[in-house]
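Architecture at a glance
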Amino acid sequence: MRGADRAAVVAGLGAWVPQTVVTNDELALRLDTSDEWIRSRTGIARRHVIAPGESTGDLAVEAGHRALKSAGTGTADLVVVATSTPDRPCPATAPEVASRLGLTGVGAFDVAAVCTGFVYALGVTAALIESGAARTALVIGADTFSTILNPTDRTTRAIFGDGAGAVFLRAGDPAEDGALRGLHLGSDGTRSELIEVAAGGSRQRSTGLPAEEAATYFTMEGRSVFAEAVRRMAASVQTTAESLGWASGDIDRIVLHQANARILAAVADRVDVPLERFPSNIERVGNTVAASIPLVLADAAESGELRAGQRVVLGGFGGGLTWGSVGLVWPGLTVG
Ligand code: ACO
């Protein structure tokens, strides 16, 4: 099998969130916000956050273990971690995650596309499998935005939560259930400042001056990002569906990055697919960045909302700006 004869097939799925839960009411004790505001503007009721000393890599290892278990295997040729909150700025988090999973010696690297990270990581990993460079791979989306939020910023603190999710991919036939098809990726770097951590990179460090504290935190221009998220995710999902020959009525489930419940509703409207076909766990976990799509996949597969044989499109949008989609017929699998 080579090239177009070979596809990357989803054959395992696992997820993990840290134990500590922060409710909207708990946030409202420390910030000028309320459960009512957060629920009505975002659909979020609570989120999970890591404990002091925990890291993105720790969550990635837990999710990775579960995806390997789900696939009924202990090995993979490649480990790819989508994250924008790596354990350290350098080196990548993936090699250490791979070793902790008992996979020392395999290819391992990070992909940074913020909330679109998981879709980008699926795309690049699928291409490596299609080329024959790898036969199997673990793709993990993991982020701990609690570590980069400004403690005084009520907007971002209300939205983001920590977590990790992973899929196991294997080489297979493009016609079989689980095969990733119709990949679409996009970006617009002219709008990079809408979602950013301004300091800590080469541009700020080359000044030789210490960064202002506020610039070391994550910032987002929520209203502009909202409009872009709706427009770009809707168009990307449609591009993937069209490339697969699926009309909107043919799509059983659209699994979007969980940024805001109102964004899901607006995309549903635009693509003319009923909102009931958009699985969502945002109420319980918030926006978990690169972990968002695999976490909602795991929840939907466990609840039976996602079933074997359904036509599914995954769609993401995030910092960069970046966006992307990919389609598959959901395979029969048990979440690890
Ligand atoms: N509690 C109470 N009031 C708040 C809160 C809060 N938690 N957060 C903001 N407000 C206030 C604002 O200060 C503002 O007050 P003002 O009118 O006095 O200035 C008011 O509410 C309205 O603020 P907006 O930002 O316009 O509120 P909006 O309804 O747009 O909701 C939100 C903000 C939730 C951020 C929304 O814009 C959103 O979801 N944006 C998209 C997020 C997204 O898709 N991100 C992409 C992925 S993220 C990534 O890549 C990392």
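All values reported here derive from a predicted model rather than from experimental measurement.

1. Comments concerning the packing of aromatic side chains
Following the criterion strictly, the structure yields three aromatic pairs and no others. Ring geometry for Phe145 and Phe160: centres 5.0 Å apart, planes at 35°, overall tilted. Of this pair, Phe145 sits in the loop between strand E6 (136–143) and helix H6 (154–159) while Phe160 sits in the loop between H6 and strand E7 (163–172), and the two are 15 residues apart along the sequence. On the basis of relative accessible area, Phe160 is assigned to the buried category, the value being 4%. Ring geometry for Phe160 versus Phe218: centroids 5.1 Å apart, planes at 80°, classification edge-to-face. In this pair, Phe160 sits in the loop between H6 and E7 while Phe218 sits in strand E10 (residues 218–220), placing the two residues 58 residues apart along the sequence. Taken together, Phe145, Phe160 and Phe218 form an aromatic cluster joined through their ring pairs.

2. Re the sheet that holds strand E1 (residues 7–16)
Spatial strand order, E1-E7-E6-E4-E5: five strands in an open sheet with mixed pairing. Whereas interior strands pair on both sides, the edge strands pair on one side only; in this sheet they are E1 and strand E5 (107–111). Within this sheet the neighbouring strands show an average axis-to-axis angle of 20°, counted without direction. Sheet analysis places E1 next to E7, joined by nine bridges and oriented antiparallel. Bridging across to E7, Val9 finds its partner in Arg170.

3. As for the sheet that holds strand E8 (residues 181–187)
Spatially, four strands are ordered E8-E13-E12-E11 in an open sheet, and the strand pairing comes out mixed. Of all the strands in the sheet, the pair left with one neighbour each is E8 and strand E11 (253–256). Strand-to-strand twist in this sheet, taken as the mean axis angle between neighbours without regard to direction, amounts to 15°. In this sheet, strand E13 (residues 322–329) lies alongside strand E12 (residues 311–318) in antiparallel orientation, the contact comprising eight bridges. Of the residues in E13, the one forming a bridge with Val312 is Leu328. Packed on one face of the sheet, helix H8 (residues 222–243) meets E8, E11, E12 and E13 and runs near 145° to E12. Where helix H11 (residues 292–303) meets the sheet, it contacts E11 and E12, and its direction lies at approximately 140° from that of E11.

4. Some details on the site of the ligand
If you check the shell around the ligand, you find 30 residues, and the closest are Thr33, Arg41, Cys115, Arg223 and Asn260. Take Trp37: an N or O atom from its side chain is 3.5 Å from a nitrogen atom of the ligand. A distance of 3.0 Å is found between a nitrogen atom of the ligand and a backbone nitrogen or oxygen belonging to Gly222. In isolation the ligand exposes 1,000 Å². Once the protein is present, 78% of that is buried. When residues of the shell around the ligand are traced back to their parent elements, those giving at least two are helix H2 (35–42), H6, E10, H8, helix H9 (261–271) and E12. If you tally residues by element for the shell around the ligand, the top one is H8, at five residues. Residue composition of the shell around the ligand, by class: 16 nonpolar, nine polar and five charged.

5. Things to note about the packing of H8 against H9
Between H8 and H9, whose axes approach to 9 Å, the crossing angle comes to 45°. As judged from the angle between their axes, H8 and H9 are oblique. Our pair here, H8 against H9, has a crossing hand that is right-handed. The segment H8 lies against H9, with Phe226, Ala229, Val230, Arg231, Met233, Ala234 and Gln238 engaging Arg262, Ile263, Ala266, Val267, Arg270 and Val271. Taken together, the residues of the contact of H8 with H9 sort by class into nine nonpolar, one polar and three charged.

6. Some points on the domain arrangement of the chain
The domain architecture assigned to the chain consists of domain 1 (3–172) and domain 2 (181–329). Centre-to-centre separation of domain 1 and domain 2, based on C-alpha positions: 14 Å. The partner domain 2 presents 42 residues to the 44 residues of domain 1 that form the contact. Together domain 1 and domain 2 conceal approximately 3,300 Å² of surface at their shared face, both sides included; 69% is due to carbon and sulfur atoms.

7. Some details on the side chain of Thr125
For Thr125, the position within the fold is in helix H5 (residues 117–131). Given a relative accessible area of 0%, Thr125 falls into the buried group. At 2.6 Å, the side chain of Thr125 and the backbone oxygen of Ala121 are in polar contact.

8. Points about the environment of Ser187
If you trace the backbone, Ser187 turns up in strand E8. As for Ser187 and Gly107, which are separated by 80 residues in sequence, their C-alpha atoms are 26 Å apart. Every residue in contact with Ser187, bar those within four places of it in the chain, is listed here: Tyr120, Leu321, Thr322 and Trp323.

Analysis parameters
Residues numbered from 1 in each chain as written. Predicted model: local features only at pLDDT ≥ 70, side-chain atom pairs only at ≥ 80, totals over all residues. Heavy atoms only, no water. Phe/Tyr/Trp six-rings, centres within 6.5 Å; stacked < 30°, edge-to-face > 60°. Helix = DSSP H or I, 4+ residues; strand = E, 2+ residues; numbered from the N terminus. Buried < 20%, exposed > 50% of the residue type's maximum accessible area, 1.4 Å probe, protein only. Pairing = 2+ DSSP bridges. Axes fitted to C-alpha atoms, helices over the stretch in contact; angles between N-to-C directions. Contact = heavy atoms within 4.5 Å. Near = heavy atom within 4 Å. Polar contact = N/O pair within 3.5 Å; in protein donor to acceptor, adjacent residues only side chain to side chain. Areas by Shrake-Rupley, 256 points an atom, 1.4 Å probe, with all protein chains shown as cover. Nonpolar A, V, L, I, M, F, W, Y, C, P; charged D, E, K, R; others polar. Parallel < 35°, antiparallel > 145°, perpendicular 65-115°, else oblique. Left-handed = near helix turned anticlockwise from the far one by under 90°. Domains from an automatic or database assignment. Buried area = accessible area lost by both parts, 1.4 Å probe.

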